[in-house]
Amino acid sequence: MNKTPANILRRRMTNTCRLRRPDILGLFRGDDHDGLRRRCKGIGQAFAGWGALFLVLCFWTAGVTGIPPSVWAGAENSTGPAGGNAAQMISEAEITEKLKNLEKRIEISVVAENEQTAGQKGLTQADLSERTNKLRAVHSAYERLLTALKKKASQQGEEALLREKLQAEKQTGIIQEPPYTLSFYDSILDDLRAAAQQKETAGLAAALSRKALEDVTLRFEKAQKEWRGLKDELDAVPGKETRRKLEWEWGGAEVETELAKALITVETVNRDNLLHQVKIAELRADLEERKLNWVRANLHFDETDLKKQLDAISARRSDFEKRVGKLIRKQNEAQAAWLTAQERLKRADKDKPNPVAEATFRAREAWLKSYQAALEQTEDMLRQLGHQEGLWKLRYGLVKGEVRHEDLVMHSQEIENHLASVNRMMSVQQSSQTNLQSQIIALEKKLSEDGLESAVAGHVSHQKKAVQYSVEGGLEYISSLLATEELDRRVIHEIDFRLERFDLKEKVRDVGGWIGKVWDFEVWVIDNHAVTVKKLLVALFILVIGILAAKYFLRAISRRLLAFTQLKETTASAILKMLTFSAYLLVLLFAMRMVNLPLGAFAFLGGAVAIGVGFGAQNLINNFISGFIMMAERPISIGDLIEVEGSLGKVEDIGARCTRVRTGENIRILVPNSSFLEKNITNWTISDKKIRAKIQVGVIYGSPVQEVKRLLLQVVGESQKVLKDPEPFVLFCDFGDNSLVFEVHFWIVVHKILDRRLIESSVRFRIDAVFRDAGIVIAFPQRDVHLDAHKPLEFRLLRDDEGA
């Protein structure tokens, strides 16, 4: 008999509160029984006495331990398996030890997940698996706690380093010596904004972590309460079977309590880490603010930086102007197509709707709206570029000290008005983006509908592309507005700073003379012509820009050749390569001419190349010439499916020396061009993409051969990948040893490497299913053994010598 104080108290309360059934009925009927009144009085006295004793014990314990009664009664001082402070900190060594113990417990729990253990405990395997998963959750929580503690140590070191930097007297973190440009000043502003955003993000996360900590604390208290209740029930139940079930539930509550305690510790450490992140962000912001003040005090007028910014704006303006011209042409074309679609829709029968005409009209209308919106956005971005150009000039005017005090107020007011306009446009664009995304979702839903005609689906997809085009243009427009908004805010801030300290004149260093000397420095002299730094930079600029321009120009020519001349991709690639080599050579010669570099200096190079060609470059020249022969004769074209030495691949590029082939395993094979002229190469798609495939199948003897033929033709006829013309046909090939052999031949179109195998595989799957439904058995290798049973079989036992 268990004589713990809890059990003694429970037995006394049970004996005191035990009532006979007639007494209970009499209580509800209102019968006046003296015995019943005495028992009720005894129950009240018992409850009052034990309640008073419980309160005395609570206050006595609180007085001895120094713990407030509210805390003493909570989960933090529980006598359960996770008693004590649930959020107490433990060291990394203790966590590692807990992880090892948990891994052993998980291994034991995994081993116990079998029917025998479940039967012994009166449980199911799902219950055992649930316990294993709960232990794994505890293990994961301690792993997270270990990571959080390591992160905490790292953050403490980072915080200490930032405090040391802030306490240092000299300017820290800036390697570049003053004076500074506005571009450098903007980089410091970007760092300061990033620190402010980090502080805001960490603050929001810390606020959310507080709610998460409250949730896991409630979970801990609930788990402890359940654990205590199950423990009391376990102590009071004598039956073995009932105790076994309660012990299992009590163990589960113990694991849940352990998990909740670990989660409380994890959330506590995470919240501390987030608070450390807030402090680190504040320190970094203070450091960046110090840098900003230092850089602001050492700004100077840099014409090169101003020119760089203005050139970048000018380049973007040129791109936008070209885009405006293209958009105007596309808008006119889209409007013409829209008018045509509108007339076709009007001619449609009103009683019988024409879904194709309506879908065409909607697609044309979507493209017209997209081009109109893109044109408006591009024109506004051009206007924003002009505003940005004026802002950069104003900023450097402020640095140079050329802006008068009365002009500062006027500029500040103008920029604030423009900033308000930008904010309004951003709000409109964000609403527009939400609307466009809704349209895309609706179109995707329509495309996923069953029974949608292919023509209608094509126009709906075209309409979706138009909406996506508007989304991409809108995102670019919003990005431009954000850049303008940030520049506006920075200029307003600088104007306010100048207005506050307008009496302090900033010193500007004169670097023009030094730049002029470096610009005109003579590097060498050839034929009485000086090669200066200026000429070298110009030549380098011409070389780089010339190569980029040639590449862009030749790419445009290649696209136009493919569009207007209907040349094959291989021919266009060959023409593009020859033009590219020629253009690069002309750009190089022009750049050399700008620096007066004589071409005779490279005369020796021709002899060296000739000797190299004669002795060591035979294979190179062979492959080079073979490449041009292939481009002219075109036995192999880009996009063809070829078989090279047993490997099937797709031709990706025909180069000057070798051809690149990509296999189905996404492996690139580089094949010398001469191999295509000297060896047998199988080209599946030299004339067209159609090839004939066949599938062989054997059925058992006695099968209806005409039904087999009909079913084979039915299967290939149902496949959408099989061509109807030429028609498929079936051959009865042979009376095999084990089966009647049939072959079904059909034509398919291949675009990718695995197309043929995928189509044949799908047809085989279908043949198996159809034959199974029709009761036709596909044969397999077998042998029939016949015994002559006209007379009994004779068996004799022989000795080894007789058997020999």
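Before reading on, note that the structure itself is shown above.
So, here's what we can say about the structure. (Residues numbered from 1 in each chain as written. Predicted model: local features only at pLDDT ≥ 70, side-chain atom pairs only at ≥ 80, totals over all residues. Heavy atoms only, no water.)

The next subject is the overall build of the chain. For the chain, the count of helices and strands is 22 helices and ten strands. Here the chain holds 804 residues, and the buried ones make up 34% of them. For the chain, the accessible surface area stands at approximately 50,600 Å², while carbon and sulfur atoms represent 56% of it. (Helix = DSSP H or I, 4+ residues; strand = E, 2+ residues; numbered from the N terminus. Buried < 20%, exposed > 50% of the residue type's maximum accessible area, 1.4 Å probe, protein only. Areas by Shrake-Rupley, 256 points an atom, 1.4 Å probe, with all protein chains shown as cover.)

On the surface, a cluster of positive charge is made up of Lys 322, Lys 326, Arg 329, Lys 330, Lys 551, Arg 555 and Arg 559. It is helix H10 (residues 303-347) that contributes the most residues to the positive patch, four residues altogether. (Patch = residues over 30% accessible without salt bridge, like charges linked within 9 Å, V, L, I, M, F, W, Y side chains within 5 Å. Salt bridge = Lys/Arg side-chain N within 4 Å of Asp/Glu carboxyl O. Lys, Arg positive; Asp, Glu negative; His and termini not counted. Charge placed at Lys NZ, Arg CZ, Asp CG, Glu CD.)

Compared with an ideal rise of 1.5 Å per residue, which puts 46 residues at 68 Å, helix H11 (residues 355-400) spans 67 Å between its outermost C-alpha atoms and is within 8% of the ideal. Directly beyond the C-terminal end of H11, a positive phi value near 80° is found at Gly 401. (Expected span 1.5 Å × (residues − 1).)

A word on the sheet that holds strand E10 (residues 740-749). Reading across the sheet, the three strands line up as E8-E10-E9 and stay open at both edges, with antiparallel pairing between neighbours. At either end of the open sheet lies a strand with only one pairing partner, and these are strand E8 (690-699) and strand E9 (729-735). Neighbour-to-neighbour, the strand axes of this sheet turn through a mean angle of 25°, independent of strand direction. Note: E8 against E10, ten bridges, orientation antiparallel. Note that in E10 the partner of Ile 695 across the bridge is Val 744. Packed onto the sheet, helix H20 (residues 705-718) meets E8, E9 and E10 and runs at close to 20° relative to E10. In the packing of helix H21 (residues 755-774) onto the sheet, contacts are made with E8 and E10, and the angle to E8 comes to roughly 30°. (Pairing = 2+ DSSP bridges. Axes fitted to C-alpha atoms, helices over the stretch in contact; angles between N-to-C directions. Contact = heavy atoms within 4.5 Å.)

Let's shift gears to the pattern of salt bridges. Applying the stated criterion across every chain, the model contains 26 salt bridges. Here Lys 211 ties to Asp 215 by a salt bridge, and the two come within 2.8 Å at their closest N and O atoms. A residue pair is termed a helical-turn pair when its members lie 3 or 4 positions apart in one helix, as Lys 211 and Asp 215 do in helix H8 (residues 182-236) at four residues. Using a relative accessible area of 47% as the deciding quantity, one classes Lys 211 as partly exposed. Here Asp 215 falls in the partly exposed class, since its relative accessible area comes to 37%. The partner of Lys 464 in a salt bridge is Glu 444, with the nearest N and O atoms 3.2 Å apart. Of the two residues, Lys 464 is situated in helix H13 (residues 454-500) and Glu 444 in helix H12 (residues 405-447); the sequence distance between them amounts to 20 residues. Classification of Glu 444 as partly exposed rests on a relative accessible area of 37%. Within this structure, Asp 186, Asp 190, Arg 193, Arg 395, Glu 486, Arg 490 and Glu 494 form a network of salt bridges that share partners.

It is worth spelling out the pairing of strand E4 (residues 647-654) at this point. Relative to E4, strand E3 (residues 641-644) runs antiparallel, the two being bridged by four bridges. Within E4, the residue paired with Leu 641 across the bridge is Lys 650. Sheet topology places E4 next to strand E5 (residues 658-663); five bridges connect them, and they run antiparallel. What sits directly across from Asp 653, in E5, is Arg 660.

Moving on to the side chain of Gln 388. Take Gln 388: it is sitting in helix H11. Discounting chain neighbours no more than four positions away, the residues touching Gln 388 are Ile 313, Ser 480, Ala 483, Thr 484 and Leu 487.

So, about the packing of aromatic side chains. Tallying each qualifying case throughout the model produces eight aromatic pairs. Note on Tyr 371 and Tyr 469: the rings are 5.7 Å apart at their centroids and 70° apart in plane angle, and the pair reads as edge-to-face. Linking Tyr 371 in helix H11 with Tyr 469 in helix H13, this pair joins segments that are 98 residues apart in sequence. An aromatic cluster is present here, built from Trp 367, Tyr 371 and Tyr 469 joined pairwise through their rings. The residue whose ring lies beneath Arg 131 is Trp 248, and the NZ or CZ to ring-centre distance is 3.8 Å. Sitting over the ring of Trp 392, Arg 395 keeps its end group 4.9 Å from the ring centre. (Phe/Tyr/Trp six-rings, centres within 6.5 Å; stacked < 30°, edge-to-face > 60°. Lys NZ or Arg CZ within 6 Å of the ring centre and 35° of its normal.)

Where H8 meets H13, the closest approach of the two axes is 12 Å, and the angle between their N-to-C directions is 105°. The orientation of H8 relative to H13 falls into the category roughly perpendicular. Judged by residue contacts, Leu 182, Tyr 185, Asp 186, Leu 189, Asp 190 and Arg 193 of H8 engage Glu 486, Arg 490, His 493 and Glu 494 from H13. Taken together, the residues of the contact of H8 with H13 sort by class into three nonpolar, one polar and six charged. (Parallel < 35°, antiparallel > 145°, perpendicular 65-115°, else oblique. Nonpolar A, V, L, I, M, F, W, Y, C, P; charged D, E, K, R; others polar.)

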